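Below, each chain spelled out in residue letters.
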Number of protein chains: 2
Amino acid sequence: MALSIRLIPQHEFARVRGSAAARRTRLSLVADMCRANALAAVKRAGSGHLGSSFSAMDIVVLLYYEKLNTLSVGLNSPDRDIYFSSKGHDVPGLYAVLHSLGVLSSEKLMMLRRFGGLDGHPDVRVPGIEANSGSLGMGISKGRGIAWAKRKLGRGGDVFVMIGDGELQEGQNYEALTNGPNHRIENLVVIVDHNKVQTDRVVREISDLGDLERKFEAFGWRVARCDGHDFGALDRSIDELRNHRGPAILIADTIKGRGVSFMEHPVALQRGGGFYPWHAGAPDDESFERAHGELIERVQRLLSEAGMAPLTLEEVPPETAPKAKREDLEGEQLSAATVNRSATDEYVSKTYGEALVEMGRRCPELVVLDADLSADCKIRGFEAEFPDRFIENGIAEQDMVSMAGGLARHGLLPVVNSFASFLAARANEQIYNNATEGSKIIYACHYAGVIPAGPGKSHQSIRDISLFGALPNVEVIQPANAEETRMAVEYAVLEARDNVMLRLVIGPSPRRIDLPAEYRLQRGKGALLARGSDAIAFAYGPVMLHETLVAAEMLAREGFGLTVVNMPWLNRFDPEWLRETVEPFSTIIVVEDHSPAGGLGDALLSVLMSHSLLATRRLHKMGVEGFPACGTPSQALRYHRLDGESLAERVRAAKSAEDSAFTTVC
Amino acid sequence: MALSIRLIPQHEFARVRGSAAARRTRLSLVADMCRANALAAVKRAGSGHLGSSFSAMDIVVLLYYEKLNTLSVGLNSPDRDIYFSSKGHDVPGLYAVLHSLGVLSSEKLMMLRRFGGLDGHPDVRVPGIEANSGSLGMGISKGRGIAWAKRKLGRGGDVFVMIGDGELQEGQNYEALTNGPNHRIENLVVIVDHNKVQTDRVVREISDLGDLERKFEAFGWRVARCDGHDFGALDRSIDELRNHRGPAILIADTIKGRGVSFMEHPVALQRGGGFYPWHAGAPDDESFERAHGELIERVQRLLSEAGMAPLTLEEVPPETAPKAKREDLEGEQLSAATVNRSATDEYVSKTYGEALVEMGRRCPELVVLDADLSADCKIRGFEAEFPDRFIENGIAEQDMVSMAGGLARHGLLPVVNSFASFLAARANEQIYNNATEGSKIIYACHYAGVIPAGPGKSHQSIRDISLFGALPNVEVIQPANAEETRMAVEYAVLEARDNVMLRLVIGPSPRRIDLPAEYRLQRGKGALLARGSDAIAFAYGPVMLHETLVAAEMLAREGFGLTVVNMPWLNRFDPEWLRETVEPFSTIIVVEDHSPAGGLGDALLSVLMSHSLLATRRLHKMGVEGFPACGTPSQALRYHRLDGESLAERVRAAKSAEDSAFTTVC
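Everything numeric here is computed off the predicted structure, so don't read it as measured data.

Draft legend 1. Representation of the packing of helix 8 (residues 172-182) of chain A against helix 17 (residues 397-408) of chain B within the structure. Taken N-terminus to C-terminus, the directions of helix 8 of chain A and helix 17 of chain B make an angle of 75°; their axes are 8 Å apart at the nearest point. Taken together, the axes of helix 8 of chain A and helix 17 of chain B are roughly perpendicular relative to one another. Along the contact surface, helix 8 of chain A presents A:Gln172, A:Glu175, A:Ala176 and A:Asn179, while helix 17 of chain B presents B:Glu397, B:Gln398, B:Asp399 and B:Ser402. Residues of the contact of helix 8 of chain A with helix 17 of chain B, tallied by class, amount to one nonpolar, four polar and three charged.

Okay, here's the thing in structure tokens:
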């Protein structure tokens, strides 16, 4: 039987809001009702961040229901109050609040992480969203900019920025904290959702923040601290800080997972054996029903105590086409708990983790660095076996990378881990600095490419190849399957003389990419996966290789032969191999899990040109144009015309346009 | 008469060191003698940072002469103590100390900022240099990495990292400070050269750091503070911190320019009318002689008081070929004082500053942001005329960029300024985040390209185009001369709908690039500067256009016709214009003031391919291969084979290789 998902409709919020119940009762009801709806949205989405949606919920409800003028003056009013969350992953909670106030429809709320719906991290195209966030540490700076603009333009409205506690490990916060008093900002209140758990571990264990009040005061901010679930205390603290003539910050002591007994820290952490299981990812059916039931039951009890009629929930109709596929939903999961569920049971990243442990056994100089993504980067195994060679830097990519620079010059071989978006971009100058020292470092860029597409453009990485591209001594390699991942790790650790950037997809492979039986990784050479005589396509990584193979299969049925090459080397080429490989073809396709700028296609164009291999050939780049779309993998690939079917069409079109072009020219 | 430069030879340092004079006398003598030699080196170089070389000198001398085992155990010993400066621009002082101890020869010291000599910022290929630095804020992280490696590998030696006070505005420091106690680092001492002046203004005015002791203590560090020119106090403080079992930091109160009366803060600042004139750049002849004379006089007096024979200095022979050209030296100058001296009196950046003021008058929404490079970025004029629309963020590029994001969404048009290396790389993820919001921001990337080459690879920017390349909504424009700079600023402010990255050279133009009389900037179109029928070369910016025109002139004398196109649009092309422009040519040259990866060449290859314009053509990229060379402009351009003469050779070679290739193929 399909799971039933029920939503609390907007009129029920209106009823509670307009009731004669005590203020605290009304706010508590709304907060729990929003928790239930956020839970439903995440369950439907198949992924999302409940732990911090729940810890921040009471604050967000108080702000929107009592403190902000935003809805009364209008979402487009220049004089509106501004609220946004810098951490951003708590946005399911915010969506639920915006839904409760009529800003978002129930249909929209049920399109969390779907194309045309609500992005997995905040995006300003969604009504009520004031800032794009999701990559951490930018919020206080951005909020200060908004506050500055309001003052300069004589506009009304205050600015409230929510930040996470783990997020405070990002150095940018301290730039922003330094400039708050220096810019004499008065219309900004920062609220720390201090729930003490980041990703899946306690902040204190990952990278202790010490005495936060003392720190903020040392930076010249007015600080208040209160229970982040006590509406009265929050009310007083927020008013006090809002009236303070200077930058102000509230440390709100909250409980991660607040509102659902078994999701609450510290109980949940104990049950998870030291790991908090509800940071990201949707709960399984049973947990969902227990959690939802608990929330609704408490709401009904409170309503009854207040002498009000019980809630009526609305059944959410099943998701309509395009129905998300199984791997779509699983590809969304970014948490340790989901490691064993996959479309193919093949996770490139899992093998990466295993290979790293193996290398750790062989190479005593290997050290592994993490920026609070150890579960997603699959380096928990290394951590467990070599705790004295595992370095946790917290959410501080720049520090991690420069620290690796120091390690590398003094006898160690550091393997630096984070998501590609964060590592390649946030620590770009530090990576360059290390590269100029000529030491060897391995940069493992996880979650490379456009899939999973649910988290949205803060997380999808389509620029990382280009960000490493102009570094002369970094080899960029993306393996296609588990086997090649193992080879790539071995190559990087044992053979490579230069730095290596390993580009790794994070989800399950949509299919197992079969490499030739005798295949071994050879510098600058790829491997033929399918043979056909009409065109040749280069692709890399399991996601795009799968789609390209689907295209080849479709084309084959129409008598169009597409040769498919797995090209794990994204910026190193063996010219002889390349010459032989492209020799029979006039049409070259490059399918990029990346922007068309600065990816494999540009590198190939360049090397083909310098080896006089382009004169009779056309190269067509098919990459992620624009910003990456949010949605299920199918939706995003289809939108970018990178799914198998679209690719088949595009290859055919390219070939025929080319044929006519050649006719015209000759 | 040529200026006489005299150096104190190494044996004089040995004499002082081995003398019976009191310890304090010996150290004072060595420090002033090193100051004199650093001054001589900077004068010879034509550029360099004296202010902080002098403020840090007493500390560096104490460390190397009394505290570090580095020279006794050997520069390659794994058990050596490590010292490096995170700010890096104080390296002339360190070179002088290393010279005094016999690590660097006098000849080498006189090759500051010359090819094959001593880089303008620290580089590990120079003996005694332990870390590449110069881009700020990485040192504590890197030092912590070294300290961690030493502990892990059971190696001896402590780590000392010098940082600047202005440098503490970089957020990465706080990531590193957070992780110091968390990683239980014990063998690291950080020393703040707290000279209270950054670049050319007082730290407190740029971005006040507040109570530093309180901040460091809040981050869990053991803090000591002392007079950074009192050897006794330094000695005690350093010993105390070194013995502390945990991360430790010394705030050394110093005087910028210490040792030369008129270079010392606050006197120098008062004389400079609020601007400190000795941060960067060599003193003029008169100032040099006064400063040198003052230092030598004090040394002789102290020697005489100690009953020692006077110093004998050695005349430095004049610089041998390749003699630096006038514009070479002037191109090195990065300070406000040098604005009016140039090879052509044409500064792209000066016009940028003027155009910005003009735009400020026309557009009330224009706001200008700075990260402590207002003089070099030529935005002092804007600051003076529109103080309420000028935002100083201090050395905090990430905060500046995200703040601009907030401003841009709320009614203002921010123009963000820094050096290209720092802005494009350090704030890359913040730039991406802003771009995803669809607001409009202008990023002015100053000091783009390989020239000036004296500061070294931390400052030379050869990756910035590639770092913006995969952003779909940023147009990258590099103007060729003052006139085009004005047009580009106007376009960016008044016409552009997307974000604009303005890529600007910082030195004087080696020649005035003459644009066609009727020329106006048109999106995607370039301008022909020279006509010839054998090949066509695309270049951008005054530096490479000059070299390309030199090449064209040389080739013309041999009967080879090279068409030269100024192509200010680095990632936007008008296909029709491009078709017409390349039509007559089979040989296309792209001269890059950038790495060959991700620059104009790759973008052109891509657009030519997609418009079927490559079949009968060869495109040759000539860019900055490897890391940018340090030296005079001539030396660096010659090394990279990007000077006019080399380009002429390469164009000829390309054309003839191509002719034979075409013969072979056809």
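Draft legend 2. Region of interest: the environment of A:Ala396. Locating A:Ala396 in the fold gives a position in the loop between strand 11 (390-392) and helix 17 (397-408). Spatially, the C-alpha atoms of A:Ala396 and A:Asp200 are 16 Å apart, while their sequence positions differ by 196 residues. In contact with A:Ala396, other than residues within four places in its own chain, are A:Gln169, A:Glu170, A:Ala371, B:Glu175 and B:Asn179.

Draft legend 3. Examining the interface of chain A and chain B more closely. Each side of the interface is counted separately: chain A has 100 residues, and chain B has 100 residues. Carbon and sulfur atoms supply 55% of the area buried between chain A and chain B, which totals about 8,600 Å² over both sides. At the boundary of chain A with chain B, the tally comes to 12 salt bridges. B:Glu437 serves as the salt-bridge partner of A:Lys142, at 2.7 Å between the closest nitrogen and oxygen. For the side of chain A that touches chain B, the residue count by class is 37 nonpolar, 35 polar and 28 charged.

Draft legend 4. Structural context of the side chain of B:Arg618. With respect to the secondary-structure elements, B:Arg618 resides in strand 20 (residues 618-622). With relative accessibility at 12%, the residue B:Arg618 sits in the buried group. Of the polar contacts made by the side chain of B:Arg618, one reaches the backbone oxygen of A:Met609; its length is 3.3 Å.

Draft legend 5. Broad picture of helix 2 (residues 23-45) of chain A. Between its first and last C-alpha atoms helix 2 of chain A spans 32 Å; for 23 residues at 1.5 Å apiece the expected length is 33 Å, and the two agree. Judged by how many residues are buried, helix 2 of chain A sits mostly within the fold: 20 of 23 residues are covered.

Draft legend 6. How the structure looks around the environment of B:Ala615. Residue and element names in this part refer to chain B. Structurally, Ala615 is set in the loop between helix 24 (600-610) and strand 20. A residue is classified by how much of its surface remains accessible, and Ala615, at 30% relative accessible area, is partly exposed. Remark: the alpha-carbon pair of Ala615 and Ser586, spanning 29 residues in sequence, is separated by 9.3 Å.

Draft legend 7. Up close: the sheet that holds strand 2 (residues 82-85) of chain A. All names here are of chain A. Read from one edge to the other, the open sheet built from five strands follows the order 2-3-4-8-7, with strand pairing classed as parallel. The open sheet has two edge strands with one neighbour each: strand 2 and strand 7 (222-227). Averaged over all pairs of adjacent strands, the angle between strand axes in this sheet comes to 20°, irrespective of strand direction. Sheet topology places strand 7 next to strand 8 (residues 248-253); six bridges connect them, and they run parallel. Bridging across to strand 8, Arg225 finds its partner in Ile251. Strand contacts of helix 3 (residues 50-67): strand 2, strand 3 (159-164), strand 4 (188-194) and strand 8, with the helix running at about 150° to strand 4, the strand carrying the most contacts. Those strands touched by helix 11 (residues 231-243) are strand 3, strand 4, strand 7 and strand 8, and its axis lies near 170° from that of strand 7.

Draft legend 8. Main features of the side chain of B:Arg650. Residues and elements named next belong to chain B. Counting through the fold element by element, Arg650 comes out in helix 26 (residues 644-665). Despite its burial, Arg650 remains without a salt bridge, the nearest opposite charge being carried by Glu625 at 5.3 Å. Here the side chain of Arg650 touches Arg641 through a polar contact of 2.7 Å, landing on its backbone oxygen. Setting aside anything within four residues of it in sequence, one finds Arg650 in contact with Lys621, Met622, His640, Arg641 and Leu642.

Draft legend 9. Structural view of the relation of the copies chain A and chain B. Least-squares fitting of chain A to chain B yields an RMSD of 0.0 Å, with the superposition described by an axial translation of 0.0 Å and a rotation of 180°. Accordingly, the operation relating the two chain copies is best matched by a two-fold axis. For chain A, the minimum C-alpha distance to the rotation axis belongs to A:Gly171 and amounts to 2.0 Å. Comparing contact sets, 100% of the residues at the interface of chain A also lie at the interface in chain B, consistent with an isologous, same-surface contact.

Draft legend 10. How the structure looks around the sheet that holds strand 2 (residues 82-85) of chain B. Residue and element names in this part refer to chain B. Here we have five strands laid out as an open sheet, ordered 2-3-4-8-7, and parallel in their pairing. Bordering the open sheet on either side are strand 2 and strand 7 (222-227), each of which pairs with just one other strand. Geometrically, the sheet is characterised by an average inter-axis angle of 20° between neighbouring strands, direction not taken into account. Pairing analysis gives six bridges linking strand 4 (residues 188-194) to strand 8 (residues 248-253), with the strands arranged parallel. Bridge pairing links Val192 to Ile251 in strand 8. Across the face of the sheet, helix 7 (residues 139-152) comes into contact with strand 2, strand 3 (159-164) and strand 4 while running at roughly 175° to strand 3.

Draft legend 11. Fine view of the pattern of salt bridges. In this structure the tally under the stated criterion is 100 salt bridges over all chains. Between A:Glu383 and A:Arg380 there is a salt bridge, with the nearest N and O atoms lying 3.6 Å from each other. Taken together, the residues A:Glu383 and A:Arg380, both in helix 16 (residues 380-385) and three residues apart, mark about one turn of the helix. For A:Glu383, a relative accessible area of 16% corresponds to the buried category. Between B:Arg80 and B:Glu130 there is a salt bridge, with the nearest N and O atoms lying 2.6 Å from each other. On the criterion of sequence distance, the pair formed by B:Arg80 in the loop between helix 4 (70-73) and strand 2 and B:Glu130 in the loop between helix 6 (106-109) and helix 7 is long-range, its members being 50 residues apart. The buried category is assigned to B:Arg80, whose relative accessible area is 10%.

Draft legend 12. Region of the structure containing the packing of aromatic side chains. Per the stated rule, a full pass over the model turns up 26 aromatic pairs over all chains. Ring centres of B:Phe382 and B:Phe386 lie 4.8 Å apart, and the angle between their planes is 45°; on these two criteria the pair is classed as tilted. Owing to a relative accessible area of 0%, B:Phe382 belongs among the buried residues under this scheme. Ring geometry for B:Tyr491 against B:Trp569: centres 5.1 Å apart, planes inclined by 85°, an arrangement best described as edge-to-face. Of this pair, B:Tyr491 sits in helix 21 (residues 482-495) while B:Trp569 sits in the loop between strand 18 (562-566) and helix 23 (575-582), and the two are 78 residues apart along the sequence. Classification of B:Tyr491 by relative accessible area gives buried; the value is 8%. The structure contains a cluster of three or more aromatic residues connected by ring pairs, namely A:Tyr174, A:Phe219, B:Tyr174 and B:Phe219. Positioned above the aromatic ring of A:Phe262 is the side chain of A:Arg290, whose terminal nitrogen or guanidinium carbon lies 4.1 Å from the ring centre. Across the ring face of B:Phe386, the terminal group of B:Arg389 is positioned such that the distance to the ring centre comes to 4.4 Å.

Rules used in this analysis
Residues numbered from 1 in each chain as written. Chains lettered and ligands numbered in written order. Predicted model: local features only at pLDDT ≥ 70, side-chain atom pairs only at ≥ 80, totals over all residues. Heavy atoms only, no water. Axes fitted to C-alpha atoms, helices over the stretch in contact; angles between N-to-C directions. Helix = DSSP H or I, 4+ residues; strand = E, 2+ residues; numbered from the N terminus. Parallel < 35°, antiparallel > 145°, perpendicular 65-115°, else oblique. Contact = heavy atoms within 4.5 Å. Nonpolar A, V, L, I, M, F, W, Y, C, P; charged D, E, K, R; others polar. Buried area = accessible area lost by both parts, 1.4 Å probe. Salt bridge = Lys/Arg side-chain N within 4 Å of Asp/Glu carboxyl O. Buried < 20%, exposed > 50% of the residue type's maximum accessible area, 1.4 Å probe, protein only. Polar contact = N/O pair within 3.5 Å; in protein donor to acceptor, adjacent residues only side chain to side chain. Expected span 1.5 Å × (residues − 1). Pairing = 2+ DSSP bridges. Lys, Arg positive; Asp, Glu negative; His and termini not counted. Least-squares fit on C-alpha atoms with pLDDT ≥ 70 in both. Phe/Tyr/Trp six-rings, centres within 6.5 Å; stacked < 30°, edge-to-face > 60°. Lys NZ or Arg CZ within 6 Å of the ring centre and 35° of its normal.

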